[in-house]
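Each chain, letter by letter, is given below.
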Amino acid sequence: MLTAFDFEPICFANMPLARYDYMAHGSDSEFTLRRNREAFQWVDLVERPGVSPAAVNTATELLGLKLEMPILIAPSTNQRDLHPEGDSAMYQGATAAHTPMIVASGSSIPIQKVAASATGPRWSQFYPIQNLGAARDQLELFQAHGATAIVVTVDQQTSRYERDLHDRNLGGSPRVQRGAAAAAPPAAQGPARYGVETRRLWYSWKYLDDIRPFIKGPMLIKGILTAEDAKLCVERGYDGIIVSNHGGRTLDYVPSTLEVLPEVVAGAGGKIPVLVDSGFRRGSDLVKAMALGASAVCLGRAPRWALGAFGPAGVQRLLEIVQTEFREAMAKTGRASLAALDHTAVRTDFP
Ligand SMILES: Cc1cc2nc3c(=O)[nH]c(=O)nc-3n(C[C@H](O)[C@H](O)[C@H](O)COP(=O)(O)O)c2cc1C
């Protein structure tokens, strides 16, 4: 295993197509999914001599976390599709590579078990639950089991995954087959008729304010793609932003996160940290985002491929590969510390 990409075909070979597709798919035509990767071609690195990889210091502090590298594991569901120990196995691999993990609210292993399976720093992700009492209960549960920050995901309101529909038509999806075996569903009503995710259409800024008192530590908002929304996050007192299009799984034809990162960073005005995810695979990808103002990068599919390929040891190896690449790319751009990694390390040519 020499790059993150090497893990994907092994992961693919280890599981039924429908499970792989659940992870790989993007919304609709998958334009944003592809664009998340294409965007890295529109950002050049500026090579400068004079810094050796051994001299590079990648340490940083993020909302109370001391990080050796500005890398976290993005939250993602159904990790038991990848490994029998699911999220616990991911957490073990992350801890072995000194990388914090953000556990998904829909983790396939209960949070109590995940928490007991390793010792590294851990945040929890939360999908809005309309009933405030139930929201409070879930947030308290995550925090009681060691989440030192909460990531509230606000995107993915309009997703439709055509790959999964095709898998169902070909009879290949165990998850959808169960539904298909049941009686035919009644004809959809209202927005559902148009393929819109009705269970998430009610989100509001007021709701985020309402749950703020239930969160004792930092509260980050995941799924921000504009300067306007970044400003609102600052004004309303949230503690961090994750620029994310959910790995191309939310509204298709939104831009790549790399393209909008500079405007979101400008909107946040240096008042709160701006993290980013969607499409990050290589150390040099991370250097580009950090140069454009990110405080850290979250990895979604890459560690999932590693978990599906080789379990916790795979996750550890994947993270060590990306860490080494990141250090090397920093050295080649002549940057000895994250503070020195500014916009002069890149030249952007977005279309
Ligand atoms: C299979 C899968 C499941 C995901 N589940 C969640 C989730 O439950 N909550 C969430 O906030 N994001 C979820 N995400 C999005 C990730 O947190 C992250 O935004 C995305 O994977 C980043 O893009 P990348 O996969 O290209 O790195 C999921 C992503 C994938 C691929």
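Above this text is the structure in question.
Now for a quick tour of the structure. (Residues numbered from 1 in each chain as written. Predicted model: local features only at pLDDT ≥ 70, side-chain atom pairs only at ≥ 80, totals over all residues. Heavy atoms only, no water.)

**Overview of the packing of aromatic side chains**
Pairs of aromatic rings are described using the distance from one ring centre to the other and the angle between the two planes. Applying the stated criterion to the full structure yields 7 aromatic pairs. Consider the rings of Trp202 and Tyr207, whose centres lie 5.0 Å apart with planes at 80°: the pair is edge-to-face. For Tyr207, a relative accessible area of 6% puts it in the buried group. Through pairs of rings, three or more aromatic residues link up here, namely Trp202, Tyr203 and Tyr207. Its end group placed over the ring of Phe214, Arg136 keeps NZ or CZ at 5.8 Å from the ring centre. For Arg249, the ring lying beneath its charged end belongs to Tyr161, and the centroid distance is 5.7 Å. (Phe/Tyr/Trp six-rings, centres within 6.5 Å; stacked < 30°, edge-to-face > 60°. Buried < 20%, exposed > 50% of the residue type's maximum accessible area, 1.4 Å probe, protein only. Lys NZ or Arg CZ within 6 Å of the ring centre and 35° of its normal.)

**Some thoughts on the state of the cysteines**
Throughout the structure, instances matching the rule amount to 0 disulfides. Sulfur of Cys298: no disulfide; nearest cysteine sulfur belongs to Cys233 and is 15 Å away. Judged by its relative accessible area of 1%, Cys298 falls in the buried class. (Disulfide = S-S within 2.5 Å.)

**Some points on the pattern of salt bridges**
Scanning the entire structure with this criterion turns up 10 salt bridges. Residues Lys206 and Asp210 are paired through a salt bridge, measuring 2.8 Å at the closest nitrogen-oxygen approach. Placement of both Lys206 and Asp210 in helix α9 (residues 205–211) is noted, with a separation of 4 residues, approximately one turn of the helix. For Lys206, a relative accessible area of 54% translates into the label exposed. Since its relative accessible area comes to 26%, Asp210 is described here as partly exposed. Its salt-bridge partner being Arg335, residue Asp342 comes within 3.0 Å of it at the nearest N-O pair. (Salt bridge = Lys/Arg side-chain N within 4 Å of Asp/Glu carboxyl O. Helix = DSSP H or I, 4+ residues; strand = E, 2+ residues; numbered from the N terminus.)

**Examining the environment of Arg136**
You can see Arg136 is positioned in helix α6 (residues 132–144). On the accessibility criterion, Arg136 (34% relative accessible area) is partly exposed. For Arg136 and Asp210, which are 74 residues apart along the polypeptide, the C-alpha to C-alpha distance reads 10.0 Å.

**What to know about helix α4 (residues 86–96)**
Across the 11 residues that make up α4, a large majority, 9, are buried. Within α4 the residues assigned to the buried category are Gly86, Asp87, Ser88, Ala89, Met90, Tyr91, Gly93, Ala94 and Thr95.

**A short note on the side chain of Arg301**
Positionally, Arg301 belongs in helix α13 (residues 301–332). Put simply, Arg301 is tucked away with no salt bridge, and the nearest opposite charge, on Glu8, sits 7.1 Å away. Of note is the side chain of Arg301, whose polar atom sits 2.9 Å from the backbone oxygen of Gly247. Excluding residues that lie within four positions of it along the chain, Arg301 makes contacts with Met23, Ala24, His25, Leu33, Gly247, Arg249 and Arg281. (Lys, Arg positive; Asp, Glu negative; His and termini not counted. Polar contact = N/O pair within 3.5 Å; in protein donor to acceptor, adjacent residues only side chain to side chain. Contact = heavy atoms within 4.5 Å.)

**Topic: the packing of helix α12 (residues 283–291) against α13**
Viewed as axis vectors pointing N to C, α12 and α13 meet at an angle of 55°, and their least axial separation amounts to 7 Å. As the angle between them shows, α12 and α13 are arranged oblique. Of the two elements, α12 crosses α13, and the hand of that crossing is right-handed. Of α13, the residues touching α12 (which contributes Gly283, Ser284, Leu286, Val287 and Met290) are Val322, Glu325, Phe326, Ala329 and Met330. (Axes fitted to C-alpha atoms, helices over the stretch in contact; angles between N-to-C directions. Parallel < 35°, antiparallel > 145°, perpendicular 65-115°, else oblique. Left-handed = near helix turned anticlockwise from the far one by under 90°.)

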